[in-house]
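# Secondary and tertiary structure notes
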Amino acid sequence: MQRDQAVLSLRNLTKTFPGVKALDGVKLDLYPGEVTALVGENGAGKSTLVKTITGIYQPDGGDIYVCGQPVVIQTPEQARQLGITVIHQETVLFDELSVAENIFAGNYLTKGLLKRLDWPQMYQRSGEILAQIDAPIDPQTPLKELSIAQKHMVAIARALSVDARVVILDEPTAALSYHEIEELYRIIERLKQSSKAVMFITHKFDEIFAVADRYVVYRDGSFVGEGLISNVREEELVEMMVARSIKDTYPKQTVDIGAPVMEVENFCHPSEFTNISFDVHAGEILGFYGLVGSGRTEVMQALYGLSKAATGRIMIDGSQTRFHSPAEAIAAGLVYVPEERQQQGVVLNLPIFQNISLPQLSRLNRWGFLNEQSEYELAREYGERLNVKAASWSQEVGNLSGGNQQKVVIGKWLATQPKVIILDEPTKGIDIASKAAVHRFMSELVAEGLAVIMVSSELPEILGMADRIIVMHEGVMVKHFHRSEANAQKIVSAATGGKAA
Amino acid sequence: ENVRIALVVKALGIGFFEAANKGAQEAAKELGDVEVIYTGPTSTTAEGQIEVISSLIAQKVDAIAVSANDQDALVPILQRAQKRGIKVISWDSGVAPAGRSIHLNPSSNELIGRMNVKLAADALKAKGESKGEWAILSASPTATNQNIWIEEMKKAAPEFPQLTLVDTVYGDDLADKSYREAVALIRNHPDLDVIVAPTTVGILAAAQAVSDQNLIGKVYVTGLGLPSELAGHVESGAIHSFAIWNPIDLGYSATYIAYNLVKGKATKSEVGMGRMGTAKLDKDGNAAMSDPFVYDVTNVKEFASIF
Amino acid sequence: MKPLSLIRRRESFLGVVILVLILAVGLITPEFLSAGSLLGAFNDTSILIILALGQMLVIVTRCIDLSVAANVALTGMVVAMLNASYPFIAVPWLLLLAMTLGALLGMINGLLVWRLGVPAIVVTLGTMSIYRGAVFLLSHGAWVNAHQMSAGFIEFPRTTIAWLPVMSWIALTVVLVFFLLTRYWRFGRDFFSAGGNPTAAFYTGIDVGWVQFRAFVISGLLAGLCGYLWVSRYAVAYVDVANGFELQVVAACVIGGVSIMGGIGTVVGCVLGALFLGVINNALPVIGVSPFWQMAISGAVIIVAVIANSRAERRKGRVILRTPTLNMARG
Amino acid sequence: MDQVMKHHPVPDSLSTPVRRYLFRWEIFLLLVIAMVFILNSLASPYFLDPWNLSDATFNFTEKALIALPMAMLIICREIDLSVASTMALASVCMGLAAQAGFGTETLVGIALLVGLLCGLFNGLVVTGFGIPSIVVTIGTMSLYRGITYVILGDSAFTEYPDGFEYFGQGYVVWVFSFEFILFLGLALVFYVLLHHTNFGRRTYAIGHNPVAALYSGIQVNRHKVILFMLVGMLSGLASILLTSRLGSTRPSIAIGWELSIVTMVVLGGVSIAGGAGSMTGVVLAVLLMGLVTFGLGLLNVPGIVMTIIIGAMLISVISVPVVLNKLKQRRKVR
Ligand SMILES: Nc1ncnc2c1ncn2[C@@H]1O[C@H](COP(=O)(O)OP(=O)(O)OP(=O)(O)O)[C@@H](O)[C@H]1O
Ligand SMILES: Nc1ncnc2c1ncn2[C@@H]1O[C@H](COP(=O)(O)OP(=O)(O)OP(=O)(O)O)[C@@H](O)[C@H]1O
Ligand SMILES: [Mg+2]
Ligand SMILES: [Mg+2]
């Protein structure tokens, strides 16, 4: 391998946001035909780095070299011309446009002197690219009709549509399931074969060791170290990342399982799920596993009173209910920590303490008049319990890193002192330290007698944390395991409808 | 110390009132010790006029002469003005007696109504027909003086048995709506001979619609309008003749009446209007200035440059 | 589902509604169904169609242009006054001038939105008053009347070429240009990307502010064109020309399925929305509805159309369930 | 386990940039007001007369009353363009009732109720069908006023019971009119409502992120409907004042007011995109607009020139802080 010449090199790159030094003189080298994993905690500056390379942000200082030549990248357009292509952390696509247009937006195929858009060719090319990555999606479909996983595949297709020298993947697997992840590994392998330089950002260590050749570690915006994957162990990486060791990512405690707190019977929805029946006990973590798009979120949202069409019975503490709005569910002691943190979980522009008090304003403030002291107290209590890192409790949540935002969301729901808490993908996109914190916290919760329902697409998490596991496939509960009888193979087999056994 | 007289119009930017202002300035020059404040709201609303009037009260003007957008809504503010010692008259479009001491009608309503029907009859004669249909295109259905005139037209109609009134429509004093209404009139009444529009926007739009439909000579437009605005259509033949009172004289007379009120030279029954003579007041303080004047191809050019 | 099928469903719905409306009016007044009358209604709606298309681009990019009607009044007054003072300037030059001036006024809106980042509704609320006031300052409140305008000035939009007046042809041309532009050129597609997801547009190298600026310029340019068409059609120019017309234009867009949230809108829908209002405007006088009822009826019709439209467009949720059988193994 | 890292206690609050910005916005408005006040008193000898100033307040208090709940509605990402038509409808209904011989109390009740129902209808259509409120209220704007034409046609109601004129013409003490005192009182009420109650907090939350607000157990639709009803009710109240001030009702009453009201709100620093704005700002903006129009009126500046000035003021007052912010923060990133 030609290790001598890096395709893309960064030296001394610095980027400051008001109040935050997101990148502090970092360096990076990407080599052709190699996959470099960039690791770091939430807020380490990984996404900022990506955006700086692709002309979305302008660096405050430092140099960028492409094949040894110094370059200035001022717009995403220029980055593309230099052969740098990205799959961003958030899917940045156009819901209203067709799949083909999403793939070619900003870089349309044209014909003739007048640069007329050549739709037939774009449809054909995008069909080819999608077929290559084994994502059978009609290029003429509007994007909004796709599932989240399919959207990610479109984002990947978009990145591949450019003839790139450098391919950057910013947490591409967070929303993907088993099947798509396998597919992604294959794509990365192919990119390596055609000697592209690949940068891979993820919080999942199994993935790093599965695909990467090299690693680079950042911490708090600074470069910490780099090297070959073959020369490093997972614990060493983690220690570089967080400057301490993390002993146990899945700190499952044994807790006495109590009486059933919530029972769900024959919950149905005309198009999304049917016959959902289960119960969850005090002190228990009930895991819901399934491929992305198997309808778990749908079920949880319906339980939470967000779906008008759902039918069925819910019993909480023995009394029968049916929720017509989240407000009713919260009042009955059922809360839901949503999957989409930024859209559904928090109000980004409100301060931390106001986010935490939001669901229980009427309980907190007598006569409907605000009493900020009691709100601060609540925020302090739960913020400190969850170790939220913030400048102050009146800092806007939007200024926190992803992991800390997630802690605020969880804190907000715990503060309502629920009987049952549903956590939908609670550790999606958060770093290993925060993940451990969330898991530890879940353990503490069940120890206090709470019932937890955890929806997760991560096998280790499900296996590590859940007392019982329900597997869903295409809107139906297909299997039910006790902790003792579950293993990865059985679960995946059930989740794929028995096909990938 | 000058006598300050405020001439408040329905809205600024209307040719008719600009001409009235000319007359008011003329009166001011004649009288010597008068300052005329010409003002009005942006659009023809009562609320806008109230705002203007309240700033006039604040300036402690000596008299307010107003052409009202709403005969009732202005009463309270004008009463307040009177309480603060300001003389109030209305002209052109009146205010209920409680809000003013004198109202100067441009002409008597009865006469205006009759005049409009007569113009229609003249147009029919110009067509050389002995029997015909006519329709009215008014401003908004809530315009008070329009409605009074329409009422008077209907009263006068029996005097002209050769004419049949087939429809009354409203163009809201908007060019596009009036135009559309005129076209619909022509569509709905294929035998229509005359459209009478006693409003300046309406008559213009109707004349334009008639010439666009290539019906010049078949459908005549008439009503009330300004020579300067209608000269073109008279020339094209869409309008045979139309009428209007002289807005310059109206502004002139209103200023004189206000001045005489301020100087205490008005009695219960009459008040001087300078060169326009003396106005007779009825028991509600109503006066009429003069008869409307008819314009046709022979004289419209001459007046087009004046108002 | 094919990309256009959804859109087509919404538009054919509107098209059917318009047809039903026309037929219903025809039942009451058969005269309304004559070719002359229908073409007349179309001609009468030309200005609304043109302005609605310009407005569509602005709304699609998540802005709104409330200053269009004032722009029409100002450009209309300028060309009318020019024509009155210098009748020898040929109409094509005036047309060009009107469009340039309109585009310039649009540019002011665009610059304020793009460079200063002031919300479009604030900017155009402000320029709406400013432009309208400028008409007054320019004309001192005086009207420009038919006899002051040259014959060519008045005749141009009414000249009939192949059964249709030039005004209708202009509208048809604008519609065609817009259709091609929004389908076959990047310039046109960028409005939809920038409005659909500004962040994504930014990431794909589209300068959203610049796209919004262009939308305002086009909207202004078309308003300038309509400024001339308006004063020439009604052969009069005054301060209150097209007063309040901006809301009709926005309503036409919205009825045509243009989303106020940006990113969604089609040329066909927008034209149908304008035609819908045009048919109502032309039908109400013809069927002899009491003038006192007209406003309430058009208000109710707008609400019903918008509600129906939102129903037609409501997207079906995806369907996960494929095997609604119970094969649950309790363990 | 995690005790290796000992965190410093997190303080409750630092002075955040947002807070400083808001602070400045209102100070900025205050400065502009002071400037206008001084210019006015220099320009016209009639300006500094308490009675004149009091008279001037009549021209904006009714609009200002509606601006208060409208500010909350806009903060909540909705807008109501039908307020002026609601006023007309409420006024016509009062007129009908007065004609039928009902007393003042009933009239007040009717106006408030009609306003409330108009708001309720707007709210239900907006939330029930998920249609943007700007669209719905453009429709109801025609609908409500259209109904007044249907009811009243070309006539007017001019007979109102004795004592009814107090609302729009009476004085509470010295130069302070009933209208103005009512406005000040309600401004205080709305200040507390927006900034010091759960209701206000929820309004901000919905304005910032309606989805997260819904997930947090806020009844988003109900909240919006309540706000629409509040706007409707205050329109009804404004209608009482205006009807009383005019002493009569016509279908064209308050025509075109919706845009001035929105202008007041926006000038007050309320973000049209929702989530941001303060009651103080709105009240200051109302006073600013009142002072400017009154001052120009005293100089007999034509109304249309005034609208130019108001338009320019709107744009410049809104853009000055933006420009300053830009200069400070050289590059804004999305
Ligand atoms: N637009 C912005 N304005 C202000 N601060 C920002 C902005 N974008 C990022 N930051 C801050 O910069 C730091 C680095 O953020 P970045 O998104 O690069 O982290 P990351 O490593 O990608 O984290 P994650 O793993 O959570 O995605 C964080 O403290 C973040 O709060
Ligand atoms: N085509 C679609 N139409 C409507 N909503 C969708 C669509 N695709 C995804 N969503 C919504 O996005 C969210 C996440 O969707 P995802 O694809 O992850 O499926 P899911 O039902 O959440 O499956 P699971 O939770 O089992 O992974 C859900 O709230 C879902 O309702
Ligand atoms: Mg990141
Ligand atoms: Mg999910």
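Please read all numbers here as calculations on a predicted model, not as lab measurements.

### Description of the coordination of the magnesium ion (ligand 4)
- Listed as protein donors to the magnesium ion (ligand 4) are Thr297 of chain A (OG1) and Glu339 of chain A (OE); their distances from the metal cover 2.0 to 2.4 Å. Placement of the pair is threonine 297 of chain A in helix H9 (residues 296–303) and glutamate 339 of chain A in the loop between strand S18 (334–337) and helix H11 (341–345), with a sequence separation of 42 residues.

### Description of the site of ligand 1
Residues and elements named next belong to chain A.
- In the neighbourhood of ligand 1, 17 residues make up the surrounding shell, with Asn42, Gly43, Lys46, Ser47 and Thr48 lying closest.
- Between ligand 1 and asparagine 399 there is a distance of 3.5 Å, counted from an oxygen atom to a backbone nitrogen or oxygen.
- Isolated, ligand 1 exposes 630 Å² of accessible area, and the fraction of that covered by the protein chains is 79%.
- Taken together, the elements giving at least two residues each to the shell around ligand 1 come down to strand S2 (20–30) and helix H1 (46–53).

### Let's talk about the packing of helix H2 (residues 50–75) of chain D against helix H10 (residues 220–246) of chain D
Residue and element names in this part refer to chain D.
- With their axes 8 Å apart at the nearest point, H2 and H10 run at an angle of 175 degrees to one another. The angle between the axes of H2 and H10 places the two elements in the roughly antiparallel class. Residues Phe58, Asn59, Glu62, Leu65, Ile66, Pro69, Met70, Met72 and Leu73 of H2 lie in contact with H10, whose contacting residues are Leu227, Phe228, Leu230, Val231, Leu234, Ser235, Leu237, Ala238, Leu241, Leu242 and Arg245.
- When grouped by side-chain class, the residues that make up the contact of H2 with H10 number 16 nonpolar, two polar and two charged.

### Here we look at H2 of chain D
Residues and elements named next belong to chain D.
- The terminal C-alpha atoms of H2 lie 35 Å apart, and with 26 residues this matches the ideal 38 Å at 1.5 Å per residue to within 8%.
- Of all the bends in H2, the largest measures some 45 degrees and sits at phenylalanine 60.
- Most of H2 sits out of view: 23 of its 26 residues are buried.
- If you check the start of H2, you find a side-chain oxygen 2.8 Å away from the backbone N of tryptophan 51, and it comes from aspartate 49.
- One or two steps after H2, the chain reaches arginine 77, where phi turns positive at roughly 75 degrees.

### Description of the pairing of strand S14 (residues 276–281) of chain A
Residue and element names in this part refer to chain A.
- For S14, a buried count of five out of six residues is recorded, marking the element as mostly surrounded by other parts of the structure.
- Taken together, the five bridges between strand S13 (residues 260–268) and S14 define a ladder with antiparallel strand orientation. Looking at S14, one finds that phenylalanine 267 is bridged to isoleucine 276.

### Brief notes about the confidence of the model for chain B
- Per-chain confidence: chain B averages 90 in pLDDT, with 100% of residues scoring 70 or above.
- The ipTM for the predicted assembly is 0.86, set against a pTM of 0.88.

### Some remarks on the side chain of lysine 10 of chain B
- In this structure, lysine 10 of chain B sits in the loop between strand S1 (3–8) and helix H1 (15–31).
- In this view, lysine 10 of chain B contacts Phe17, Pro41, Ser43, Thr44, Gln49, Ser67, Ala68, Asn69, Asp92, Ser93 and Asn145 of chain B; residues no more than four positions away in its chain are not counted.

### Thoughts on the interface of chain B and chain C
- With 28 residues of chain B in contact, the opposing surface of chain C contributes 28 residues.
- Applying the counting rule to chain B against chain C returns two salt bridges.
- In this structure, arginine 180 of chain B and aspartate 44 of chain C form a salt bridge, with 2.5 Å as the shortest nitrogen-oxygen distance.
- Applying the counting rule to chain B against chain C returns eight residue pairs in polar contact (both at pLDDT 80 or more).
- Secondary-structure elements contributing two or more residues to the side of chain B that touches chain C are H1, helix H6 (175–188), helix H7 (200–212) and helix H8 (227–236) of chain B.
- Broken down by element, the side of chain B that touches chain C gets its largest block of residues, nine residues, from H6 of chain B.
- A breakdown of the residues in the side of chain B that touches chain C according to their chemical character gives twelve nonpolar, eight polar and eight charged.

### Digging into the packing of helix H7 (residues 178–196) of chain D against helix H12 (residues 279–298) of chain D
Residue and element names in this part refer to chain D.
- Two elements in contact, H7 and H12, have axes separated by 9 Å at closest approach and are oriented at 155 degrees. Of the possible angle classes, the one that applies to H7 and H12 is roughly antiparallel. On H12, the residues touching Phe183, Ala187, Phe190, Tyr191, Leu194 and His195 of H7 are Met279, Thr280, Val283 and Val286.
- A breakdown of the residues in the contact of H7 with H12 according to their chemical character gives eight nonpolar, two polar and no charged.

### Comments concerning the nonpolar core
- Ile64, Trp91 and Ile195 of chain B are the most contacted members of the largest nonpolar core, which totals 415 residues.
- Among the elements that line this core, the one with the most residues is helix H10 (residues 208–234) of chain C, at 14 residues.
- Each of two domains, domain 1 (8–242) and domain 2 (260–495) of chain A, supplies a minimum of three residues to this core.
- If we skip the residues at most four places from it in the chain, isoleucine 64 of chain B touches Ala6, Val8, Ile53, Leu56, Ala81, Ile86, Lys87, Val88 and Ile89 of chain B.
- Tyr289, Ala466, Ile470 and Val492 of chain A belong to the second largest nonpolar core, which has 83 residues in total.

### Brief notes about the domain arrangement of chain A
Residue and element names in this part refer to chain A.
- What the domain assignment reports for chain A is domain 1 (8–242) and domain 2 (260–495).
- For domain 1 and domain 2, the distance between their C-alpha centres works out to 31 Å.
- In this assembly, domain 1 packs against domain 2 so that about 1,400 Å² is buried in total across both faces, 64% of it on carbon and sulfur atoms.
- Our enumeration of links across domain 1 and domain 2 arrives at one salt bridge.
- Residue glutamate 41 is joined to lysine 389 by a salt bridge in which the shortest nitrogen-to-oxygen separation is 4.0 Å.
- For the pair domain 1 and domain 2, the number of links is zero residue pairs in polar contact (both at pLDDT 80 or more).
- Broken down by secondary-structure element, the contributors of at least two residues to the side of domain 1 that touches domain 2 are helix H5 (148–161) and helix H8 (234–242).

Reading the values: rules and limits
Residues numbered from 1 in each chain as written. Chains lettered and ligands numbered in written order. Predicted model: local features only at pLDDT ≥ 70, side-chain atom pairs only at ≥ 80, totals over all residues. Heavy atoms only, no water. Donors = N, O, S within 2.8 Å, 3.2 Å for Na, K, Ca; no water. Helix = DSSP H or I, 4+ residues; strand = E, 2+ residues; numbered from the N terminus. Near = heavy atom within 4 Å. Polar contact = N/O pair within 3.5 Å; in protein donor to acceptor, adjacent residues only side chain to side chain. Areas by Shrake-Rupley, 256 points an atom, 1.4 Å probe, with all protein chains shown as cover. Axes fitted to C-alpha atoms, helices over the stretch in contact; angles between N-to-C directions. Parallel < 35°, antiparallel > 145°, perpendicular 65-115°, else oblique. Contact = heavy atoms within 4.5 Å. Nonpolar A, V, L, I, M, F, W, Y, C, P; charged D, E, K, R; others polar. Expected span 1.5 Å × (residues − 1). Bend = angle between axes of the 7 residues up to and from the residue. Buried < 20%, exposed > 50% of the residue type's maximum accessible area, 1.4 Å probe, protein only. Pairing = 2+ DSSP bridges. pLDDT = per-residue confidence, 0-100. Salt bridge = Lys/Arg side-chain N within 4 Å of Asp/Glu carboxyl O. Core = buried A, V, L, I, M, F, W, Y, C linked by side-chain atoms within 4.5 Å. Domains from an automatic or database assignment. Buried area = accessible area lost by both parts, 1.4 Å probe.

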